[in-house]
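# Understanding the architecture of this molecule
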Amino acid sequence: PSFIYGGEDFEIAPPRVPAGYGGAIEKLLGSAPIKSLAGVMPGPIALTLAPPVSAESVGKACAAAALGQVAGTKFDGTGPINAAAASFAP
């Protein structure tokens, strides 16, 4: 992902992006047209077009991996992180 978002407020130091804004950016950058565009761009530009992921999804993916609820322990990118998070069962 390009960044991890969550919380309530924007902050400069340390940098923080609130959940509402981050979620909207995740939907926009995760859309088919943007993903197609990112697929043909050079690395640094493609990275800026990668969708962010929520801190909640990262936490759930980590917990699912630690509890053996998903195969593997490496989830690279928003899609795999969100998929692993969806497998988490407390």
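Residues numbered from 1 in each chain as written. Predicted model: local features only at pLDDT ≥ 70, side-chain atom pairs only at ≥ 80, totals over all residues. Heavy atoms only, no water.

### Quick look at the side chain of T78
- For T78, the location among the structural elements is in helix α5 (residues 78-86).
- Judged by relative accessible area, which is 8%, T78 ranks as buried.
- A distance of 2.5 Å separates a polar atom in the side chain of T78 from the backbone oxygen of P51. (Helix = DSSP H or I, 4+ residues; strand = E, 2+ residues; numbered from the N terminus. Buried < 20%, exposed > 50% of the residue type's maximum accessible area, 1.4 Å probe, protein only. Polar contact = N/O pair within 3.5 Å; in protein donor to acceptor, adjacent residues only side chain to side chain.)

### Topic: the nonpolar core
- Counting eight residues, the largest nonpolar core is built from V53, A61, A64, A65, V70, I81, A84 and A85.
- Mapped by element, the contributors of at least two residues to this core are α4 (55-66) and α5.
- Not counting residues up to four positions away in its chain, the partners in contact with V70 are A64, A65, F75, A84 and S87. (Core = buried A, V, L, I, M, F, W, Y, C linked by side-chain atoms within 4.5 Å. Contact = heavy atoms within 4.5 Å.)

### Examining the packing of α4 against α5
- At their nearest, the axes of α4 and α5 sit 7 Å apart, and the two run at 60° to each other. In terms of crossing hand, the pair formed by α4 and α5 is left-handed. For the pair α4 and α5, contact is made by S57, V58, K60, A61 and A64 and by I81, N82, A84 and A85, respectively.
- Here the contact of α4 with α5 is composed, by residue class, of six nonpolar, two polar and one charged. (Axes fitted to C-alpha atoms, helices over the stretch in contact; angles between N-to-C directions. Left-handed = near helix turned anticlockwise from the far one by under 90°. Nonpolar A, V, L, I, M, F, W, Y, C, P; charged D, E, K, R; others polar.)

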